[in-house]
Amino acid sequence: MVTILFQISLLIFSYATLWFIVSLIKKRNDVADIAWGLGFIAICLYLVITHPLLPVSALVYTLVTIWGLRLAIHIVIRSRGKEEDFRYKKYHNEWGKFYLIRSYLQVYLLQGFFMLLISLPVLIACFSSPPNLNAFSIIGLFIWIIGFAFEAIGDYQLSVFIKSKKNSSDIMQTGLWRYTRHPNYFGEVFLWSGIFVIALPLQNGIWGIISPVTITFLLLYVSGIPMLEAKYKDNRLFQEYKCRTSSFFPLPPKHFIPNRQ
């Protein structure tokens, strides 16, 4: 396990550095969002090349690849022809003359560190897979499917809404977004929880819990919900939507009477 961690750490370091160079060429740091999903695919490819492929590891690699490829394609389409994402613009303004070094350390290498933590169930499946799939594999696959559906459908519904909305202050409030303000984030946490369940019965499988815990922490408290919702702090429609809609777990909307004063 220690050897695999070292190898993957070196791979991720090289991968993060490569994408930092890409960001310098493109003059925009939001390429890191594209690199996120593709990075996990790179990890899976490396493990396929260097380790025997068994049913459980093959299942995990397949699920991670499907997720990473869909996410990367979605982000490429979403950002095509648009300015750099507002979160990275904010960093540019705040970091000033230290922008380049802080970008490398706090965007790319830090992202690589979290990539390593979240990929732990993948690494566990690599070197300790049983010969056949089991009940945990089926349960984990079912959880992953639910999570993937939430993320993919939520992203699709939002992209259709953005293309059709007439007022920039309008807020997505239908479909899955009626039940949670962030169905795509919920889906991402849920699908990584499914991958953890698949790896759970394997040797050292319990350590895979670091993966869904890390992605949950990031999305709920760091780079996900807080940064995104801060953008809408002065949007009255969003504040009303926020009062009646669950922030994360899908729940029936609350009855809410807005204060018009």
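Higher on the page you've got the structure.
Rules behind the numbers
Residues numbered from 1 in each chain as written. Predicted model: local features only at pLDDT ≥ 70, side-chain atom pairs only at ≥ 80, totals over all residues. Heavy atoms only, no water. Helix = DSSP H or I, 4+ residues; strand = E, 2+ residues; numbered from the N terminus. Expected span 1.5 Å × (residues − 1). Phe/Tyr/Trp six-rings, centres within 6.5 Å; stacked < 30°, edge-to-face > 60°. Buried < 20%, exposed > 50% of the residue type's maximum accessible area, 1.4 Å probe, protein only. Disulfide = S-S within 2.5 Å.

Caption draft 1: Just helix H3 (residues 55-79), in detail. Here H3 contains 25 residues, and its C-alpha end-to-end distance of 36 Å stays within 8% of the 36 Å for a straight helix at 1.5 Å per residue. Once H3 ends, the next one or two residues include Gly-81, with phi positive near 75 degrees.

Caption draft 2: Structural view of the packing of aromatic side chains. For the coordinates displayed, the defined rule picks out 20 aromatic pairs. Look at Phe-113 and Phe-114: their rings are 5.6 Å apart centre to centre, the planes differ by 55 degrees, and that puts the pair in the tilted class. Measuring from centroid to centroid gives 4.8 Å for Trp-144 and Phe-148, while their planes differ by 10 degrees, and the two rings are stacked. With Trp-144 and Phe-148 both in helix H7 (residues 135-164), this residue pair falls four residues apart, about one helical turn. By the burial criterion, Trp-144 is buried, and Phe-148 matches it. Of the aromatic side chains, those joined through ring pairs into one cluster are Phe-150, Phe-186, Phe-190, Phe-248 and Phe-249.

Caption draft 3: Structural detail: the state of the cysteines. Tallied over the entire structure, the rule returns zero disulfides. For the unlinked cysteine Cys-44, the closest cysteine sulfur is that of Cys-126, found at 9.7 Å. The class of Cys-44 is buried, set by a relative accessible area of 3%.

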